[in-house]
Amino acid sequence: MNLENSHQKHRQTDLIDGHAHLSDMEHPERAVENALSVGVNRIIAVSMNLESCRKTLALADRFPDNVFPAIGYHPWSVTAEDVEDTLLFIRQNLHRCVALGEVGLDYKVKVKKKLQQAVFSKLLNIAVQVHKPVIIHSRFSYQRTYEMVAEAGVEKAVFHWYSGPVEILDKIIVSGFYVSATPALAYSSHHQAAMSRAPVERILIETDAPVQYGDHFSQPADLHGTLLHLSRIKNMPEDQLAAIVTKNTKRFFGL
Ligand SMILES: [Zn+2]
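What comes next concerns the included structure. On a predicted model such as this, the values are computed, not experimentally measured, just so you know. (Residues numbered from 1 in each chain as written. Predicted model: local features only at pLDDT ≥ 70, side-chain atom pairs only at ≥ 80, totals over all residues. Heavy atoms only, no water.)

Description of the layout of surface pockets
Basically, it comes down to this: Residues are called lining when one of their atoms sits within 4 Å of a cavity or pocket point, these points coming from a 1 Å grid over the protein atoms alone, where a cavity is a set in which a 1.4 Å probe fits but cannot get out and a pocket is an open set with protein on both sides within 12 Å along at least five of seven lines. Grid points are joined across faces, edges and corners, and a volume is the space filled by probe spheres set on the points. Classification convention: Asp, Glu, Lys, Arg as charged; Ala, Val, Leu, Ile, Met, Phe, Trp, Tyr, Cys, Pro as nonpolar; all other residues, Gly among them, as polar.
The calculated volume of the largest pocket comes to roughly 390 Å³. Its residues assigned to classes, the lining of the largest pocket comprises six nonpolar, six polar and four charged. Space inside the second largest pocket adds up to approximately 210 Å³. Taken together, Asp-24, Met-25, Glu-26, His-27, Arg-30, Ala-31, Asn-34, Pro-210, Phe-217, Ser-218 and Gln-219 make up the lining of the second largest pocket. Here the residues of the lining of the second largest pocket sort into four nonpolar, four polar and three charged.

As structure tokens, then:
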């Protein structure tokens, strides 16, 4: 009974975690249950590579009302040997998903830039053909990533955990794209600056679980933390902000 009461406030919320790696979590089922118990009712489950794409689709089959799959090929996972099989799988299964992701460029990893760009370009073309939104990783590659997304003719893109220069953020917004906020809002001045500048109608919220923030491995239930930090930055009550970002997320993913 006490537990019911303590969850009552959260139960009234209808939040969507716009980006979580359920397939990389040790107990994804428990993470979904924990999320539901605090009103995080839906989770966009992103993928890194072939193995995690398969796991993500299986989790979505298991929780059809709560887990919405995105399959992708993360720049950290790209290897010359896996490219062909992974792209084929994505081509064959993207129609079952709400988005392509996580994909993009990362100039801090050792994977060759040329290979990253070649793979990313092919992935963007697949998304354009199937008319799916794209969830973008753009760490230390903000300019090039933005250019490739814009040039590919992508309809909808979210620059996840955007912490890059504000000049590129302005281009992202003018192009009609979105950015997403993570729990790193608690400490990252670059992320704070971007979220402060972006219009609230173009922001999605997420956890990027199970990413570790401080000494805590995150899970989708932690989405309330992202919402709280964003509400301080935007100087807006949490419930009002929750309604806006949930609407944004539904619009973006077509939920
Ligand atoms: Zn991620």
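Read on, since the account is not over.
Details of empty space enclosed by the protein
Filter applied, for reference: What counts as a helix is a DSSP run of H or I of at least four residues, what counts as a strand is a run of E of at least two, and both are numbered from the N terminus.
Taken as a whole, this structure holds one cavity of 30 Å³ or more when the rule is applied. For the largest cavity, the calculated volume is near 30 Å³. Forming the walls of the largest cavity are Tyr-73, His-74, Pro-75, Val-78, Val-103, Gly-104, Gln-116, Val-119, Phe-120 and Leu-123. Going through the elements one at a time, strand S4 (99-104) and helix H5 (113-130) are the ones with two or more residues in the lining of the largest cavity. When residues in the lining of the largest cavity are grouped by element, the largest group, four residues, is from H5. Of the residues belonging to the lining of the largest cavity, the class tally is seven nonpolar, three polar and no charged.

Considering the side chain of His-19
What counts is decided by this rule: Under the rule applied, a polar contact is a pair of N or O atoms within 3.5 Å (in protein, one hydrogen donor and one hydrogen acceptor; residues adjacent in sequence only if both atoms are side-chain atoms). By definition in these notes, contact holds between two residues if any of their heavy atoms fall within 4.5 Å.
Positionally, His-19 belongs in strand S1 (residues 15-20). Among the polar contacts listed, one links the side chain of His-19 to the side chain of Glu-102, at a separation of 2.9 Å. The contact partners of His-19, leaving out residues within four places of it in the chain, are Ile-44, Val-46, Glu-102, Ile-135, His-160, Glu-206, Thr-207, Asp-208 and Ala-209.

Looking at the pairing of strand S7 (residues 178-181)
Looking along a regular strand, one sees side chains alternate from face to face of the sheet. What counts, and what does not: Per-residue accessibility, obtained with a 1.4 Å probe over protein chains only, is compared with the maximum for each type, and a residue is labelled buried under 20%, exposed over 50%, and partly exposed between these values. Only strands that DSSP links by at least two bridges are regarded as paired with each other. The definition of a right-handed crossover adopted here requires that, viewed with the strands pointing away, the path from the first strand over the helix to the second runs clockwise.
Going residue by residue along S7, you find Tyr-178 and Ser-180 tucked away on one face and Val-179 and Ala-181 tucked away on the opposite face as well. Sheet analysis places strand S6 (residues 157-159) next to S7, joined by two bridges and oriented parallel. Bridge pairing in S7 links Val-158 to Tyr-178. Taken together, S6, helix H7 (residues 166-174) and S7 form a β-α-β motif whose crossover is right-handed. Judged from the three bridges that link them, S7 and strand S8 (residues 203-205) form a sheet pairing that is parallel. Bridged to Ala-181 within S8 is Ile-205.

Focus on the coordination of the zinc ion
Spelled out, the test is: Atoms are scored as donors when they are N, O or S and lie within 2.8 Å of the metal, with 3.2 Å used for Na, K and Ca; no water is included, so coordination may look incomplete. A four-donor site is classed as tetrahedral when every donor-metal-donor angle falls between 85 and 135 degrees; four donors are called square planar, and six octahedral, when trans pairs exceed 155 degrees and all remaining angles lie between 65 and 115, with any other arrangement labelled irregular.
Ligation of the zinc ion by protein atoms is provided by His-19 (NE2), His-21 (NE2), Glu-102 (OE) and Asp-208 (OD), these donors lying 2.1 to 2.2 Å from the ion. Given four donor atoms and angles of 84 to 169 degrees at the metal, the environment of the zinc ion is assigned as irregular. Read in sequence order, the donor residues coordinating the zinc ion give the pattern H-x1-H-x80-E-x105-D. A single burial state applies to His-19 and to His-21, both of which are buried.

A word on the pairing of strand S3 (residues 67-71)
With five of its five residues buried, S3 lies for the most part within the structure. Residue alternation in S3 divides its side chains into two sets, Val-67, Pro-69 and Ile-71 and Phe-68 and Ala-70, and both sets are buried. As judged from the three bridges shared by strand S2 (residues 40-45) and S3, these two strands associate in the parallel manner. The partner of Ile-44 across the bridge, within S3, is Phe-68. Pairing of S3 with S4, which is carried by two bridges, proceeds in the parallel orientation. If you follow Ile-71 over to S4, its bridge partner there is Leu-100.

Observations concerning the packing of helix H9 (residues 223-234) against helix H10 (residues 238-253)
Rules: Lines fitted to the C-alpha atoms define the axes, with helices restricted to the stretch that makes contact. Angles between their N-to-C directions range from 0 to 180 degrees. Angular relationships are summarised with four words: roughly parallel below 35 degrees, roughly antiparallel beyond 145, roughly perpendicular across 65 to 115, and oblique for the angles in between. Less than a right angle of anticlockwise turn of the near helix away from the far helix marks a crossing as left-handed, whereas a clockwise turn marks it as right-handed.
Packing of H9 against H10 leaves a shortest axis separation of 10 Å and a crossing angle of 110 degrees. As far as their axial angle goes, H10 and H9 are roughly perpendicular. In this structure, H9 meets H10 at a crossing whose hand is right-handed. Contacts between H9 and H10 pair His-224, Leu-227, Leu-228, Leu-230 and Ser-231 from the former with Glu-238, Leu-241, Ala-242 and Val-245 from the latter. Taken together, the residues of the contact of H9 with H10 sort by class into six nonpolar, two polar and one charged.

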